[in-house]
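# Summary of the model geometry
Residue strings, one per chain:
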2 protein chains.
Amino acid sequence: MTTTRELGLPAVADQPGLADAVEIWEVSPRDGLQAEPTLVAATTKVELIRRLAAAGAPVIEVGSFVRADRVPQMADSSEVFAQVKSLPARTPVLVPNVRGYELARAAGADDIAVFLSVTESFSRENLGASRERMEGAVVQVTERAKADGVRVRGYLSMVFGDPWEGEVAVGEVVRLAQAMRSWGIEDLSLGDTIGVATPGQVRASVRALAADGIPVASLALHMHDTYGMALANVYAGLEEGVRIFDAAAGGTGGCPFARSATGNLATDDLVWMLTGLGIRTGIDPDALHETSLWLADVLRKPITSRVAKALAY
Amino acid sequence: MTTTRELGLPAVADQPGLADAVEIWEVSPRDGLQAEPTLVAATTKVELIRRLAAAGAPVIEVGSFVRADRVPQMADSSEVFAQVKSLPARTPVLVPNVRGYELARAAGADDIAVFLSVTESFSRENLGASRERMEGAVVQVTERAKADGVRVRGYLSMVFGDPWEGEVAVGEVVRLAQAMRSWGIEDLSLGDTIGVATPGQVRASVRALAADGIPVASLALHMHDTYGMALANVYAGLEEGVRIFDAAAGGTGGCPFARSATGNLATDDLVWMLTGLGIRTGIDPDALHETSLWLADVLRKPITSRVAKALAY
């Protein structure tokens, strides 16, 4: 394995002024693993999360309190959470409804994420529920969370295109984002669930949200790299002022219910680009790289991160 | 195979005003194939070039008149050129020195590309010649070409980083670019031969050249996707006004003498992003996609284009 240091390449800021630092929201233990066919043991998940925290990841989404029959990979989230909650990183968990919220709270979680689909088709296909029903569940969870002092992030899926419905109207994204804010959810993550976004679309969506009064600082971009567009989209987002980006070590995962949703943006590739731009992430690229190689080995699959592949050469 | 049309995704301009159209300089028959271990027959190369032209590629670099003992894959460039020179596309060929120039002319070429490395190490490792000697050869070839009315492009390799020397000084890039211009070479292609550039660096280099009086319209970007940065770099280049981009169908190739130089930017991925941005290329994405799948089959290797992989899913 070649380390980034051995490669001898410049680590200097080459676009000073774009941003000093960004926050990477690491999703490999949740969005990454949930789509993997190999069932991963709780002890291995804990090891993954510990490695990520040791590499400097500031936020790690560690599990999901969804129905075990629908997402068996996440059935042990209580057990995993119990062993990682004291790590020096935020460890949010995904929660679909009040039942999931209660399980998350019982496990000790005080940092959660809820989710809605912008399109009706994906809501029914992915969640087995209409958008209206999902919205009701998110309102209930958020009310409870607010009363309990629990931090809430809101995911919006299918923001940039949908395999069933094609083009997604920006106005609908704005409407749902404002609805989430009215329920008390300030932090929003815009998901390109099937990876079809291009940079102008990212720019237009962020601008439309900002023009409607939503602070850009409250927005995250959750890009999938299915069509190789994720980093160009992140770059456009950076230029629009976005400072939070979701990614998964090694590029693991995808979405089990969306056709062609192979692969989150690899954290390795994101950190490489940000480092080149002179933007701090707090993540050690070499420790991350080792973790990604280890994870690919655990999953017995080739790594999809371009940086990890190139460095392993 | 899924076509882009079947996918039902928006083909509308989502960043109007960035650019109306760009020119893609297709390099798969030359930069792509020269690095492939499988020796490809001349008839197959001709088939590749015909397919690319039929897909709408405006410029196709079809061969290279270098030493056959160093690059055996290109030994049949005269034969290939004879069969493609009447296609409705520009068909430039690569020429390292006067000997190569004479062979290219004998084959009927009137559109050539010459090349220099920004770094001494890569010049010696890649070309077996010092930069000084290479510069002498390029001056000689360009003098002959000017006298013969032959069009000349100048490639600069290792513009953004070098595996032996690390960081590359922008001042050295500007010096060489100006030298090429003083010899009569107006069209310049900036090569990220090992794929290590990040967008701020691309931006800074283009700006440094423009600040020294070199028209941005005369610049092309030749990005390799080794670290997955190519499209983000293209996007930054677009924002700086660059309108010519090199790419290889399916992401074939690399560079046989540079460590980690796996993979040109895939034309498929470039066309996808540009189409999403509402920028015309003249290339039919589905015809290109079919060509890339066919080429991967010929080479018996997995395709590296993310778009081609996702559409083939």
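Parameters at a glance
- Per chain, residues are indexed from 1 in the order of the written sequence.
- Chains and ligands are labelled by the order in which they are written, letters from A for the one and numbers from 1 for the other.
- Only residues with pLDDT of at least 70 are given local features in this predicted model, and only at 80 or more are side-chain atom pairs given and counted; all residues enter the totals for whole chains, interfaces and linings.
- The side-chain numbers reported here are obtained from all heavy atoms of the structure, hydrogens and water having been left aside.
- The helix count covers DSSP runs of H or I at least four residues long, the strand count covers runs of E at least two residues long, and both are numbered beginning at the N terminus.
- Exposed residues in this analysis have more than 50% of their type's maximum accessible area, buried residues have under 20%, and partly exposed residues fall in between, with area computed by a 1.4 Å probe over protein chains only.
- Charge assignment in this entry is limited to Lys and Arg as positive and Asp and Glu as negative, and neither His nor the chain termini are counted.
- Taken as the charge location is NZ of Lys, CZ of Arg, CG of Asp or CD of Glu.
- Multiply 1.5 Å by the residue count of a helix minus one, and that product is the helix's expected span.
- A pair of strands is treated as paired once DSSP finds two or more bridges between them.
- The criterion used for residue contact is that any of the two residues' heavy atoms lie within 4.5 Å.
- Between the N-to-C directions of two axes lies an angle of 0 to 180 degrees, each axis being a line fitted to C-alpha atoms and, for a helix, fitted only over the stretch in contact.
- Here a pair means two rings of Phe, Tyr or Trp (six-membered ring of Trp) with centres within 6.5 Å. Their orientation is stacked below 30 degrees between planes, edge-to-face above 60, and tilted elsewhere.

### Comments concerning the overall build of chain A
- Helix and strand content of chain A: 12 helices and nine strands.
- Its C-alpha atoms put chain A at 55 × 45 × 35 Å along the principal axes.
- Within the span of chain A, comprising 313 residues, buried residues form 64% of the whole.
- Taking the average place of the 29 positive charges on the side chains of chain A and the average place of its 39 negative ones, the gap between the two points comes to 3 Å.

### What about helix H2 (residues 42-54) of chain A?
- For H2(A), which comprises 13 residues, the first-to-last C-alpha distance of 18 Å matches the rise-based estimate of 18 Å (1.5 Å per residue) to within 8%.
- Where H2(A) terminates, the next one or two residues include Gly56(A), which has phi positive at roughly 105°.

### Notes on the sheet that holds strand S3 (residues 63-64) of chain A
Residues and elements named next belong to chain A.
- The strand order across the open sheet built from nine strands is S2-S1-S9-S8-S7-S6-S5-S4-S3, with neighbouring strands paired in parallel fashion. Each of the sheet's edge strands pairs with one partner strand only, and the pair in question is strand S2 (59-60) and S3.
- Of the pairings in the sheet, the one linking strand S6 (residues 151-157) to strand S7 (residues 187-192) comprises four bridges and is parallel in character. Paired with Gly154 across the strands is Leu188, a residue of S7.
- The sheet contacts of helix H6 (residues 131-148) involve strand S5 (111-117) and S6, and relative to S5 the element is tilted by about 160°.

### Considering the environment of Val216(B)
Residues and elements named next belong to chain B.
- Its place among the elements puts Val216 in the loop between helix H9 (199-211) and strand S8 (219-223).
- Judged by its relative accessible area of 18%, Val216 is buried.
- In sequence terms Val216 and Ser130 are 86 residues apart; their C-alpha atoms lie 29 Å from each other.

### Thoughts on the packing of aromatic side chains
- One pass over the full model with this rule turns up five aromatic pairs over all chains.
- Taking 4.4 Å as the distance between ring centres and 5° as the angle between the ring planes, the aromatic pair formed by Trp272(A) and Tyr227(B) counts as stacked. Of this pair, Trp272(A) sits in helix H10 (residues 267-276) while Tyr227(B) sits in the loop between S8 and helix H10 (230-239), on two different chains. When sorted by exposure, Trp272(A) lands in the same class as Tyr227(B), which is buried.
- With 6.2 Å between their ring centres and 40° between their planes, Phe122(B) and Trp164(B) make a pair best called tilted.

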